[in-house]
Amino acid sequence: MNEINRQQLSPQQNRKQRPAMRIRPMAPILPPSNIQGNALIVVIAIMAFLACLTLGAVSMIRATASSWQSQISREITIQIKPEDGLDMTAALNKARNLALTFVGTREGTILDDGATARLLEPWLGSGLDINELPVPRLVIVTIDENNPPDFQAMRDLLKTEVPQAFLDDHRTWVDRLVSMARTTVMIGISVLGLVFIAMVLTVIFATRGALAGNRHIVEVLHFVGAESKFVAHEFQKHFLKISFKGAAAGGLLATAVFLSAGFWQSRSIATPQSDQATALFGTFSVGLTGYLGIFATMIFIALLTTLTARVTVIRTIDDIDQMRSDASRTDGIPPA
(Lines give C-alpha, C1' and ligand atoms only; values in the text may rest on other atoms or scores of the structure.)
Protein backbone atom coordinates (compact mmCIF):
# COMPACT_ATOMS: atom_id res chain seq x y z
CA MET A 1 0.00 0.00 0.00
CA ASN A 2 2.83 2.37 0.86
CA GLU A 3 4.51 1.50 -2.44
CA ILE A 4 1.30 2.33 -4.32
CA ASN A 5 0.94 5.63 -2.47
CA ARG A 6 4.56 6.48 -3.17
CA GLN A 7 4.06 5.82 -6.87
CA GLN A 8 0.98 8.02 -6.91
CA LEU A 9 2.93 10.97 -5.47
CA SER A 10 4.23 13.57 -7.85
CA PRO A 11 7.97 13.96 -8.51
CA GLN A 12 8.00 17.23 -6.55
CA GLN A 13 6.47 15.51 -3.51
CA ASN A 14 9.00 12.69 -3.79
CA ARG A 15 11.85 15.26 -3.77
CA LYS A 16 10.41 16.85 -0.66
CA GLN A 17 10.41 13.54 1.17
CA ARG A 18 14.03 12.73 0.23
CA PRO A 19 16.70 13.92 2.63
CA ALA A 20 18.65 16.94 1.34
CA MET A 21 22.15 16.11 0.12
CA ARG A 22 24.91 18.23 1.59
CA ILE A 23 27.97 18.87 -0.48
CA ARG A 24 31.06 19.12 1.63
CA PRO A 25 32.99 22.32 0.81
CA MET A 26 36.44 21.88 -0.64
CA ALA A 27 39.16 22.40 1.91
CA PRO A 28 42.19 24.45 0.88
CA ILE A 29 45.41 22.64 0.11
CA LEU A 30 47.25 24.73 2.68
CA PRO A 31 45.81 25.44 6.13
CA PRO A 32 44.62 29.04 6.41
CA SER A 33 46.69 29.65 9.55
CA ASN A 34 49.77 27.92 10.86
CA ILE A 35 53.10 28.76 12.44
CA GLN A 36 54.86 29.23 9.11
CA GLY A 37 52.13 31.50 7.79
CA ASN A 38 52.10 33.66 10.93
CA ALA A 39 55.88 33.95 10.90
CA LEU A 40 55.80 34.96 7.22
CA ILE A 41 53.19 37.63 7.96
CA VAL A 42 55.49 39.11 10.61
CA VAL A 43 58.49 39.05 8.27
CA ILE A 44 56.57 40.68 5.40
CA ALA A 45 55.19 43.29 7.80
CA ILE A 46 58.72 44.17 8.90
CA MET A 47 59.94 44.34 5.30
CA ALA A 48 56.95 46.46 4.26
CA PHE A 49 57.49 48.78 7.24
CA LEU A 50 61.14 49.31 6.31
CA ALA A 51 60.29 49.83 2.63
CA CYS A 52 57.49 52.33 3.35
CA LEU A 53 59.59 54.11 5.97
CA THR A 54 62.46 54.46 3.51
CA LEU A 55 60.15 55.66 0.76
CA GLY A 56 58.53 58.25 3.03
CA ALA A 57 61.89 59.46 4.34
CA VAL A 58 63.26 59.86 0.82
CA SER A 59 60.13 61.77 -0.22
CA MET A 60 60.38 64.02 2.84
CA ILE A 61 64.09 64.78 2.34
CA ARG A 62 63.58 65.47 -1.37
CA ALA A 63 60.80 67.94 -0.56
CA THR A 64 62.98 69.64 2.07
CA ALA A 65 65.98 69.87 -0.28
CA SER A 66 63.74 71.27 -3.02
CA SER A 67 62.42 73.90 -0.61
CA TRP A 68 65.93 74.85 0.44
CA GLN A 69 67.06 75.05 -3.17
CA SER A 70 64.08 77.23 -4.09
CA GLN A 71 64.69 79.58 -1.16
CA ILE A 72 68.40 79.90 -1.92
CA SER A 73 67.83 80.38 -5.64
CA ARG A 74 65.46 83.31 -5.00
CA GLU A 75 68.05 85.42 -3.18
CA ILE A 76 71.63 86.63 -3.50
CA THR A 77 73.72 88.23 -0.79
CA ILE A 78 76.08 91.18 -0.92
CA GLN A 79 78.58 91.27 1.93
CA ILE A 80 80.45 94.47 2.77
CA LYS A 81 83.46 94.15 5.04
CA PRO A 82 84.07 97.00 7.48
CA GLU A 83 87.23 99.09 7.04
CA ASP A 84 88.64 102.14 8.73
CA GLY A 85 87.09 105.28 7.33
CA LEU A 86 84.32 103.41 5.47
CA ASP A 87 80.84 104.85 5.69
CA MET A 88 78.97 101.56 6.08
CA THR A 89 75.50 103.05 5.64
CA ALA A 90 76.44 104.77 2.39
CA ALA A 91 78.22 101.65 1.11
CA LEU A 92 75.19 99.49 1.85
CA ASN A 93 72.82 101.84 0.06
CA LYS A 94 75.15 102.15 -2.92
CA ALA A 95 75.56 98.38 -3.25
CA ARG A 96 71.82 97.86 -3.08
CA ASN A 97 71.08 100.52 -5.69
CA LEU A 98 73.74 99.12 -8.03
CA ALA A 99 72.30 95.62 -7.76
CA LEU A 100 68.76 96.83 -8.46
CA THR A 101 69.88 98.39 -11.74
CA PHE A 102 70.28 94.91 -13.28
CA VAL A 103 67.43 93.20 -15.08
CA GLY A 104 66.20 90.22 -13.09
CA THR A 105 66.39 91.81 -9.63
CA ARG A 106 63.23 92.62 -7.74
CA GLU A 107 64.03 94.22 -4.40
CA GLY A 108 66.91 94.73 -1.99
CA THR A 109 66.89 94.71 1.78
CA ILE A 110 69.65 95.97 4.07
CA LEU A 111 69.95 93.98 7.27
CA ASP A 112 70.01 96.41 10.17
CA ASP A 113 72.08 96.05 13.33
CA GLY A 114 69.36 94.12 15.15
CA ALA A 115 68.92 91.56 12.36
CA THR A 116 72.69 91.09 12.06
CA ALA A 117 73.00 90.58 15.81
CA ARG A 118 70.26 87.93 15.73
CA LEU A 119 72.18 86.05 13.03
CA LEU A 120 75.27 85.91 15.26
CA GLU A 121 73.40 85.25 18.49
CA PRO A 122 73.69 81.40 18.36
CA TRP A 123 77.50 81.69 18.28
CA LEU A 124 78.32 84.94 20.16
CA GLY A 125 75.35 85.21 22.49
CA SER A 126 72.92 88.05 23.02
CA GLY A 127 73.62 91.70 23.75
CA LEU A 128 76.13 92.21 20.93
CA ASP A 129 77.24 95.66 19.83
CA ILE A 130 77.75 95.31 16.09
CA ASN A 131 79.63 98.61 15.87
CA GLU A 132 82.39 97.30 18.13
CA LEU A 133 83.00 94.12 16.08
CA PRO A 134 84.39 93.79 12.54
CA VAL A 135 81.25 92.06 11.35
CA PRO A 136 80.36 92.18 7.64
CA ARG A 137 77.04 93.77 6.85
CA LEU A 138 74.61 92.17 4.43
CA VAL A 139 72.30 93.24 1.63
CA ILE A 140 69.69 90.64 0.58
CA VAL A 141 68.61 91.00 -3.05
CA THR A 142 65.59 89.07 -4.29
CA ILE A 143 65.89 87.89 -7.88
CA ASP A 144 63.65 86.37 -10.53
CA GLU A 145 64.31 82.62 -10.67
CA ASN A 146 63.10 82.37 -14.25
CA ASN A 147 65.13 85.36 -15.45
CA PRO A 148 68.16 85.77 -13.18
CA PRO A 149 70.53 88.72 -13.64
CA ASP A 150 74.07 88.57 -14.98
CA PHE A 151 75.93 87.73 -11.78
CA GLN A 152 79.40 88.17 -13.23
CA ALA A 153 78.60 91.65 -14.54
CA MET A 154 77.08 92.57 -11.18
CA ARG A 155 80.13 91.22 -9.37
CA ASP A 156 82.50 93.24 -11.57
CA LEU A 157 80.48 96.45 -11.11
CA LEU A 158 80.37 96.06 -7.34
CA LYS A 159 84.09 95.39 -7.20
CA THR A 160 84.70 98.62 -9.10
CA GLU A 161 82.25 100.87 -7.27
CA VAL A 162 82.38 99.30 -3.79
CA PRO A 163 85.70 97.44 -3.37
CA GLN A 164 84.69 96.09 0.05
CA ALA A 165 81.61 94.34 -1.41
CA PHE A 166 81.47 90.64 -2.19
CA LEU A 167 78.62 89.05 -4.15
CA ASP A 168 77.51 85.55 -3.14
CA ASP A 169 75.00 83.98 -5.56
CA HIS A 170 74.82 80.73 -3.49
CA ARG A 171 75.61 78.51 -6.47
CA THR A 172 77.94 76.40 -4.36
CA TRP A 173 75.20 75.73 -1.82
CA VAL A 174 72.66 74.94 -4.53
CA ASP A 175 75.04 72.44 -6.14
CA ARG A 176 75.65 70.80 -2.78
CA LEU A 177 71.93 70.55 -2.07
CA VAL A 178 71.25 69.00 -5.47
CA SER A 179 74.09 66.52 -4.95
CA MET A 180 72.81 65.68 -1.46
CA ALA A 181 69.26 65.13 -2.73
CA ARG A 182 70.46 62.85 -5.50
CA THR A 183 72.68 60.88 -3.12
CA THR A 184 69.78 60.49 -0.68
CA VAL A 185 67.50 59.23 -3.43
CA MET A 186 70.10 56.72 -4.60
CA ILE A 187 70.64 55.47 -1.04
CA GLY A 188 66.89 55.15 -0.57
CA ILE A 189 66.48 53.23 -3.81
CA SER A 190 69.34 50.92 -2.81
CA VAL A 191 67.74 50.24 0.57
CA LEU A 192 64.40 49.55 -1.10
CA GLY A 193 66.11 47.14 -3.49
CA LEU A 194 67.78 45.29 -0.61
CA VAL A 195 64.48 45.06 1.25
CA PHE A 196 62.71 43.65 -1.79
CA ILE A 197 65.51 41.14 -2.43
CA ALA A 198 65.40 39.97 1.19
CA MET A 199 61.62 39.68 1.01
CA VAL A 200 61.75 37.63 -2.21
CA LEU A 201 64.29 35.23 -0.69
CA THR A 202 62.15 34.93 2.43
CA VAL A 203 59.06 34.12 0.39
CA ILE A 204 60.98 31.54 -1.65
CA PHE A 205 62.16 29.71 1.47
CA ALA A 206 58.70 29.95 3.05
CA THR A 207 57.06 28.58 -0.09
CA ARG A 208 59.49 25.70 -0.27
CA GLY A 209 58.87 24.98 3.40
CA ALA A 210 55.14 24.93 2.81
CA LEU A 211 55.64 22.61 -0.16
CA ALA A 212 57.87 20.32 1.89
CA GLY A 213 55.22 20.08 4.59
CA ASN A 214 52.47 19.41 2.05
CA ARG A 215 54.47 17.46 -0.51
CA HIS A 216 52.32 14.37 -0.13
CA ILE A 217 49.23 16.42 -0.97
CA VAL A 218 50.89 17.82 -4.07
CA GLU A 219 51.96 14.31 -5.16
CA VAL A 220 48.44 12.95 -4.65
CA LEU A 221 46.98 15.80 -6.67
CA HIS A 222 49.47 15.08 -9.45
CA PHE A 223 48.67 11.40 -9.29
CA VAL A 224 44.96 12.04 -9.78
CA GLY A 225 45.68 14.38 -12.71
CA ALA A 226 45.76 17.88 -11.20
CA GLU A 227 47.69 20.34 -13.34
CA SER A 228 50.58 22.41 -12.11
CA LYS A 229 48.60 25.62 -12.68
CA PHE A 230 45.85 24.44 -10.34
CA VAL A 231 48.28 23.71 -7.50
CA ALA A 232 50.17 26.94 -8.16
CA HIS A 233 46.88 28.85 -8.09
CA GLU A 234 46.04 27.42 -4.66
CA PHE A 235 49.44 28.39 -3.28
CA GLN A 236 49.14 31.77 -4.96
CA LYS A 237 45.86 32.53 -3.19
CA HIS A 238 47.32 31.40 0.12
CA PHE A 239 50.39 33.62 -0.13
CA LEU A 240 48.38 36.55 -1.52
CA LYS A 241 46.33 36.64 1.68
CA ILE A 242 49.45 36.35 3.81
CA SER A 243 51.39 39.00 1.90
CA PHE A 244 48.46 41.42 1.87
CA LYS A 245 48.05 41.13 5.64
CA GLY A 246 51.75 41.65 6.23
CA ALA A 247 52.09 44.52 3.73
CA ALA A 248 49.03 46.26 5.13
CA ALA A 249 50.34 45.96 8.69
CA GLY A 250 53.77 47.32 7.73
CA GLY A 251 52.36 50.16 5.61
CA LEU A 252 49.90 51.25 8.28
CA LEU A 253 52.65 51.17 10.91
CA ALA A 254 54.90 53.37 8.74
CA THR A 255 51.99 55.77 8.16
CA ALA A 256 51.39 55.92 11.91
CA VAL A 257 55.07 56.78 12.46
CA PHE A 258 54.92 59.73 10.04
CA LEU A 259 51.62 60.95 11.47
CA SER A 260 52.97 60.69 15.03
CA ALA A 261 56.15 62.55 14.07
CA GLY A 262 54.13 65.30 12.40
CA PHE A 263 51.84 65.57 15.43
CA TRP A 264 54.84 65.80 17.77
CA GLN A 265 56.41 68.50 15.61
CA SER A 266 53.21 70.54 15.54
CA ARG A 267 52.88 70.27 19.35
CA SER A 268 56.51 71.18 20.08
CA ILE A 269 56.97 74.29 17.96
CA ALA A 270 59.63 76.76 19.16
CA THR A 271 61.44 74.14 21.25
CA PRO A 272 65.16 73.39 20.68
CA GLN A 273 64.49 69.77 19.71
CA SER A 274 61.78 70.68 17.23
CA ASP A 275 63.81 73.56 15.75
CA GLN A 276 66.84 71.34 15.20
CA ALA A 277 64.73 68.56 13.65
CA THR A 278 62.96 71.07 11.39
CA ALA A 279 66.25 72.64 10.31
CA LEU A 280 67.71 69.25 9.46
CA PHE A 281 64.74 67.32 8.04
CA GLY A 282 62.09 69.96 7.42
CA THR A 283 58.51 69.16 8.33
CA PHE A 284 57.71 65.52 9.14
CA SER A 285 55.05 65.33 6.48
CA VAL A 286 55.30 63.18 3.37
CA GLY A 287 52.23 64.75 1.77
CA LEU A 288 49.63 63.11 -0.42
CA THR A 289 52.26 61.88 -2.87
CA GLY A 290 54.16 60.14 -0.09
CA TYR A 291 51.08 58.38 1.26
CA LEU A 292 50.11 57.29 -2.24
CA GLY A 293 53.64 55.94 -2.60
CA ILE A 294 53.25 53.99 0.64
CA PHE A 295 49.98 52.51 -0.61
CA ALA A 296 51.58 51.62 -3.95
CA THR A 297 54.47 49.98 -2.09
CA MET A 298 52.01 47.86 -0.11
CA ILE A 299 50.30 46.67 -3.31
CA PHE A 300 53.64 46.05 -4.99
CA ILE A 301 54.88 43.96 -2.06
CA ALA A 302 51.71 41.85 -2.10
CA LEU A 303 51.94 41.27 -5.85
CA LEU A 304 55.67 40.56 -5.70
CA THR A 305 55.18 38.01 -2.94
CA THR A 306 52.35 36.33 -4.85
CA LEU A 307 54.34 36.17 -8.09
CA THR A 308 57.39 34.81 -6.25
CA ALA A 309 55.30 32.09 -4.61
CA ARG A 310 53.74 31.09 -7.95
CA VAL A 311 57.10 30.81 -9.73
CA THR A 312 58.58 28.84 -6.83
CA VAL A 313 55.66 26.40 -6.75
CA ILE A 314 55.78 25.77 -10.51
CA ARG A 315 59.52 25.15 -10.41
CA THR A 316 59.17 22.79 -7.45
CA ILE A 317 56.40 20.82 -9.17
CA ASP A 318 58.51 20.58 -12.33
CA ASP A 319 61.35 19.24 -10.22
CA ILE A 320 58.99 16.59 -8.78
CA ASP A 321 57.97 15.58 -12.30
CA GLN A 322 61.60 15.28 -13.35
CA MET A 323 62.40 13.07 -10.36
CA ARG A 324 59.47 10.78 -11.17
CA SER A 325 60.46 10.50 -14.81
CA ASP A 326 64.15 9.86 -14.02
CA ALA A 327 64.63 6.38 -12.61
CA SER A 328 68.17 7.17 -11.45
CA ARG A 329 66.96 9.90 -9.06
CA THR A 330 65.41 8.72 -5.83
CA ASP A 331 65.79 11.86 -3.74
CA GLY A 332 62.50 13.26 -2.55
CA ILE A 333 60.47 10.24 -3.82
CA PRO A 334 58.73 8.39 -0.99
CA PRO A 335 59.37 4.65 -0.81
CA ALA A 336 56.69 2.40 -2.28
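Cut-offs used in this document
Residues numbered from 1 in each chain as written. Predicted model: local features only at pLDDT ≥ 70, side-chain atom pairs only at ≥ 80, totals over all residues. Heavy atoms only, no water. Buried < 20%, exposed > 50% of the residue type's maximum accessible area, 1.4 Å probe, protein only. Helix = DSSP H or I, 4+ residues; strand = E, 2+ residues; numbered from the N terminus. Arc of directions from axis to C-beta. Polar contact = N/O pair within 3.5 Å; in protein donor to acceptor, adjacent residues only side chain to side chain. Contact = heavy atoms within 4.5 Å. Core = buried A, V, L, I, M, F, W, Y, C linked by side-chain atoms within 4.5 Å. Salt bridge = Lys/Arg side-chain N within 4 Å of Asp/Glu carboxyl O.

Side note on helix 6 (residues 151–161)
Part 1: For helix 6, the complete set of buried residues consists of Phe-151, Met-154 and Leu-158. All buried residues of helix 6 project into a common sector of 60° when viewed along the axis, lining one side. Summarising the geometry of helix 6, the exposed residues directed more than 90 degrees from the buried face are Lys-159 and Thr-160.
Part 2: Capping the start of helix 6 is the job of one residue whose side-chain oxygen sits 3.3 Å from the backbone nitrogen of Gln-152: Asp-150.

What to know about the side chain of Arg-137
Part 1: Mapped onto the secondary structure, Arg-137 falls in strand 3 (residues 137–143).
Part 2: Classification of Arg-137 by relative accessible area gives buried; the value is 11%.
Part 3: One polar contact links the side chain of Arg-137 to the main-chain carbonyl oxygen of Leu-111, over a distance of 2.8 Å.
Part 4: Ignoring anything within four residues of it in the chain, the contact list for Arg-137 reads Ile-78, Gln-79, Ile-80, Met-88, Leu-92, Leu-111, Asp-112, Asp-113, Thr-116 and Ile-130.

Some words on the nonpolar core
Part 1: Judged by nonpolar contacts, the single largest core of 36 residues is most densely connected at Phe-196, Met-199, Val-231 and Ile-301.
Part 2: Every element with two or more residues in this core is listed here: helix 3 (35–73), helix 7 (171–213), helix 8 (215–223), helix 9 (228–267) and helix 11 (287–325).
Part 3: The residues touching Phe-196, leaving out its near neighbours within four places in the chain, are Ala-51, Thr-297, Phe-300, Ile-301 and Leu-304.
Part 4: Of all hydrophobic cores here, the second largest spans 19 residues; its members include Met-88, Ala-91, Ala-95 and Val-139.

What to know about the pattern of salt bridges
Part 1: Per the counting criterion, the structure on display carries two salt bridges.
Part 2: One salt bridge connects Glu-161 with Lys-94, and the closest N-O pair in it is separated by 3.5 Å. With a gap of 67 residues between them, Glu-161 in helix 6 and Lys-94 in helix 4 (residues 88–100) connect regions that are remote in the sequence.
Part 3: Note on Glu-161: relative accessible area 36%, which makes it partly exposed.
Part 4: A salt bridge links Asp-144 to Arg-106, with the nearest nitrogen and oxygen atoms 3.2 Å apart. Taken together, the residues Asp-144 in the loop between strand 3 and helix 6 and Arg-106 in strand 2 (residues 105–110) connect sequence positions 38 residues apart.
Part 5: Residue Arg-106 is classed as exposed on the basis of its relative accessible area, which comes to 58%.

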